[in-house]
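If you want the building blocks of each chain, they are given just below.
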Amino acid sequence: MKLDITHAIKDVRDTHPLVHCITNYVTVNDVANSILAIGGSPIMADALEEVEAVVSKSKALVLNIGTLNENTVKAMILAGKTANAKNIPVILDPVGAGFTPYRTEAAKKILDEVRVGIIRGNLSEIASLAGIKSANKGVDASDSITDSQNLVADINPASIAKNLAQKYSTVIAITGQTDIISNGNSCYKIRNGHPLLSKVTGTGCMATGLIAAFAEASSAAITDLNTDAAGAAGATLISAAVAGIASMGIAGEIAFAKAGNDGTGSFHVAIIDALSRMNDVELQSHLKLEEV
Amino acid sequence: MKLDITHAIKDVRDTHPLVHCITNYVTVNDVANSILAIGGSPIMADALEEVEAVVSKSKALVLNIGTLNENTVKAMILAGKTANAKNIPVILDPVGAGFTPYRTEAAKKILDEVRVGIIRGNLSEIASLAGIKSANKGVDASDSITDSQNLVADINPASIAKNLAQKYSTVIAITGQTDIISNGNSCYKIRNGHPLLSKVTGTGCMATGLIAAFAEASSAAITDLNTDAAGAAGATLISAAVAGIASMGIAGEIAFAKAGNDGTGSFHVAIIDALSRMNDVELQSHLKLEEV
Amino acid sequence: MKLDITHAIKDVRDTHPLVHCITNYVTVNDVANSILAIGGSPIMADALEEVEAVVSKSKALVLNIGTLNENTVKAMILAGKTANAKNIPVILDPVGAGFTPYRTEAAKKILDEVRVGIIRGNLSEIASLAGIKSANKGVDASDSITDSQNLVADINPASIAKNLAQKYSTVIAITGQTDIISNGNSCYKIRNGHPLLSKVTGTGCMATGLIAAFAEASSAAITDLNTDAAGAAGATLISAAVAGIASMGIAGEIAFAKAGNDGTGSFHVAIIDALSRMNDVELQSHLKLEEV
């Protein structure tokens, strides 16, 4: 299988895909601004009364359970089913799955009722969806895209990703010091990013938002998304996952070079700066991607 | 009619008006910080149990439907009626009206039950309140204060503003590449701002918050607000709308000159910087205002 | 009694205590990022279904009533009782107490049902819990850590703090131009901080979050917290309150020196920068602390 993300950013900046996010109130502003920065058009809406109307006009749907409650889980499932009916890709961020039973069950309920195209989480979160217990410390660790892997170093992340991707016919993206992306068949590793990304809340949520912005731009020609993860749709979704995670990691590298020594406030601002200035040439020149 | 905004900022900085905001959780932090930056004192409160008590002590009320739900609409109407009873100006930001029926209906329900002194939105949102369909793309476009006008270029924004202002005895502010402000009688255009403002979420919401901060400072002497948009109250409210929209646009210009090339993260920070440093001399020297 | 905060920051950075926050949606991102900046690990969770599970894994619990509603008050009390049962310190931020009856009653209800180890507020908020009426202007003033003291200048803050600390067997921290911290027996004053801190929303909430991060690190050896404010637990909690308030004030001083003239946006970013770079030597060299 051949990935193609050589013009991923140009595609987003040309088409400004509308990305519907049902997400947590902690990092929602950063998610919206990172989607805008890469060229997408975010809309945050979680009222049961309008999620069907919103997702129907959107090009991708993000379901992020960072501050879930009874109503948002209902809205997520309704929006997800609507997206499925219209072949709009659904991206799940199972923040804190494995940390509390409520979150693990909410993530699994979504997966039972909605066909999800991509799941992005850290190793603890993804492992919990696979039924593997790990030393998950909290959503802060869960949210990290750099330092969580050592929590469950005795298990093989690539195997977990492949098996879970096959089980749910989805793309699994495990972010950490090394990122793992698999559609159940192919498997890729990305070695971009910077440890300081774990010291700003929401960098994982932002990566998920970026994946969603790329999901539509990459999948404009796909008519039946989410159904065959090893086929054309899967190839497209895995490209979106790679583009989203790589752009976030590279933004972290650029931001650290510019502002890392100033502190995490300036670093946070510089991440958005880097995303807003990034183009495909810069992405390709920094990209540390390999098939495994 | 004669606008007077020559000492608008000094008035806010002297009186620190308390501005009660019932607003969305996406941009709420920026709205609070922009009100603080211009000299006001924000209080965000949306519980049905306390909105009457909060608005009763406030000098202006912002109703922003960016992430509305059943409870917040109820709280908005209760707060709005309380404000009306006490002649406290109400400023409505109908985020996403026209994009989903739920939002359009919520905005209209508020307008049916509450006398609103100023409505600020982009052309799609305002047109939807006037019953005109447009190519509204989402709240991101809705939130833009620079690029939305071309969506419905075949209709005349000034006519829509005037007619809607007369219908609801209110001031209408349509923000876009050129801003239109009308109280149903007079009509003004503002040509400040910068296209990059549409790449940071919440700049529209922030403009609405600024208008509210100016609303009280401008209307200290008015005893019966909102009832005669063409009279003294109307003159005062239109001044507040002009001051709020102009200060936001000018902050965008200053921020772009300082940080636009760094990226949208730095630009975002620089907007708040510019607002916090702005004075009336700077506002007047940048102001591109004309009566039409 | 002898305070010891000489290695407070090192302790937090070594142990990364998990801090569970049930807090408002206005400043939640800043609270999370300030806890991360000082070395802690924040988790924001307010669903009744999971707060017991979350707090049980945490080292401290923050209850901040900045945007309370019926559900969050219930979640706060459930989380607080769970924390009590496990000797996890509870830190209350009674945002806006005294401003609306709803907030005053919510704070008192929490205090009736939960043993709180530390209460941090401005003078108006703390005075309202003591049954003293004051000229509270709103949560913005309430949120200020610099300018609220003159509102009720005719009453003695140190007396209020001592009496209230004794009544609830807790530590009281009144932040303002001069901060007062008392456990009912000893009383300390801190003279750090900068007036510009009152022009950024959430600096009070951030101080409360920092106190919580220090609470666990300081109290690792305490087995029965909250029960004897004048004893070992009290000594530990008063150290956490001093470390949290001092680090916030000193971050304000450093941020003002670096970015104060740029405006409040840059100042806001520089506060997080300063917290993320702070160490115990810097804290001690800036500290203006005296026992009274």
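Residues numbered from 1 in each chain as written. Chains lettered and ligands numbered in written order. Predicted model: local features only at pLDDT ≥ 70, side-chain atom pairs only at ≥ 80, totals over all residues. Heavy atoms only, no water.

Looking at this structure, how should I read the relation of the copies chain B and chain A?
Copy one and copy two of the chain differ by a rotation about an axis and a translation along that axis. Mapping chain B onto chain A calls for a screw motion: a turn of 120 degrees about the axis and a shift of 0.0 Å along it, with 0.0 Å RMSD after fitting. Within this description, the copies of the chain are treated as partners about a three-fold rotation axis. Minimal C-alpha distance to the rotation axis in chain B is attained by tyrosine 25 of chain B, lying at 3.6 Å. Here only 7% of the contact residues of chain B are again contact residues in chain A; the copies associate through non-equivalent surfaces. (Least-squares fit on C-alpha atoms with pLDDT ≥ 70 in both. Contact = heavy atoms within 4.5 Å.)

So what exactly am I meant to see when it comes to the interface of chain A and chain C here?
Many authors give the size of an interface as the accessible area that is lost as the parts come together. With 30 residues of chain A at the interface, the matching set in chain C holds 30 residues. Taking both sides of the interface into account, the surface hidden between chain A and chain C amounts to around 2,300 Å²; carbon and sulfur atoms contribute 53%. Taken together, chain A and chain C are joined by one salt bridge. Note that arginine 103 of chain A and glutamate 50 of chain C form a salt bridge whose closest N and O atoms lie 2.8 Å from each other. Inspection of the chain A/chain C interface yields 11 residue pairs in polar contact (both at pLDDT 80 or more). Mapped by element, the contributors of at least two residues to the side of chain A that touches chain C are α5 (101-113), α7 (139-143) and α11 (264-277) of chain A. It is α11 of chain A that contributes the most residues to the side of chain A that touches chain C, five residues altogether. Taken together, the residues that form the side of chain A that touches chain C break down as nine nonpolar, 14 polar and seven charged. (Buried area = accessible area lost by both parts, 1.4 Å probe. Salt bridge = Lys/Arg side-chain N within 4 Å of Asp/Glu carboxyl O. Polar contact = N/O pair within 3.5 Å; in protein donor to acceptor, adjacent residues only side chain to side chain. Helix = DSSP H or I, 4+ residues; strand = E, 2+ residues; numbered from the N terminus. Nonpolar A, V, L, I, M, F, W, Y, C, P; charged D, E, K, R; others polar.)

How should I be thinking about the sheet that holds strand β6 (residues 171-174) of chain B in this particular structure?
Two pairing modes exist for strands in a sheet, parallel and antiparallel, and in both the strands are linked by backbone hydrogen bonds. Residues and elements named next belong to chain B. Strand order in the open sheet formed by nine strands is β2-β1-β3-β4-β5-β6-β7-β8-β9, with mixed pairing between adjacent strands. Two strands lie at the open edges of the sheet, namely β2 (41-44) and β9 (289-291), each paired on one side alone. In this sheet, neighbouring strand axes are inclined to one another by 20 degrees on average, regardless of whether the strands run parallel or antiparallel. As judged from the four bridges shared by strand β5 (residues 118-121) and β6, these two strands associate in the parallel manner. Opposite isoleucine 119, over in β6, you have isoleucine 172 as the bridge partner. (Pairing = 2+ DSSP bridges. Axes fitted to C-alpha atoms, helices over the stretch in contact; angles between N-to-C directions.)

Any chance you could explain the interface of chain B and chain A here in plain terms?
The interface of chain B with chain A comprises 30 residues on the first partner and 30 residues on the second. Together, the buried faces of chain B and chain A total about 2,300 Å²; carbon and sulfur atoms form 53% of this surface. Viewed at the interface, chain A and chain B are joined by one salt bridge. Here chain B is connected to chain A by 11 residue pairs in polar contact (both at pLDDT 80 or more). Elements supplying a minimum of two residues to the side of chain B that touches chain A: α5 (101-113), α7 (139-143) and α11 (264-277) of chain B. Broken down by element, the side of chain B that touches chain A gets its largest block of residues, five residues, from α11 of chain B.

What's the story with the relation of the copies chain A and chain C in this structure? I'm lost.
Screw-axis analysis of chain A against chain C gives a translation of 0.0 Å along the axis, an RMSD of 0.0 Å, and a rotation angle of 120 degrees. When the interface residues of chain A are mapped onto chain C, a mere 7% of them are again interface residues, pointing to distinct binding faces.

Is there a simple way to explain the packing of helix α4 (residues 70-85) of chain C against helix α5 (residues 101-113) of chain C in this structure?
What describes two packed helices is the angle between their axes and the distance between those same axes. Residues and elements named next belong to chain C. Where α4 contacts α5, the two axes come as close as 9 Å, and the packing angle between them is 20 degrees. Relative to α5, the element α4 lies roughly parallel. Seen from above, α4 lies across α5 with right-handed handedness. Here Glu70, Val73, Met76, Ile77 and Lys81 of α4 come into contact with α5, specifically with Tyr102, Ala106, Lys109, Ile110 and Glu113. Classifying every residue of the contact of α4 with α5 gives six nonpolar, no polar and four charged. (Parallel < 35°, antiparallel > 145°, perpendicular 65-115°, else oblique. Left-handed = near helix turned anticlockwise from the far one by under 90°.)

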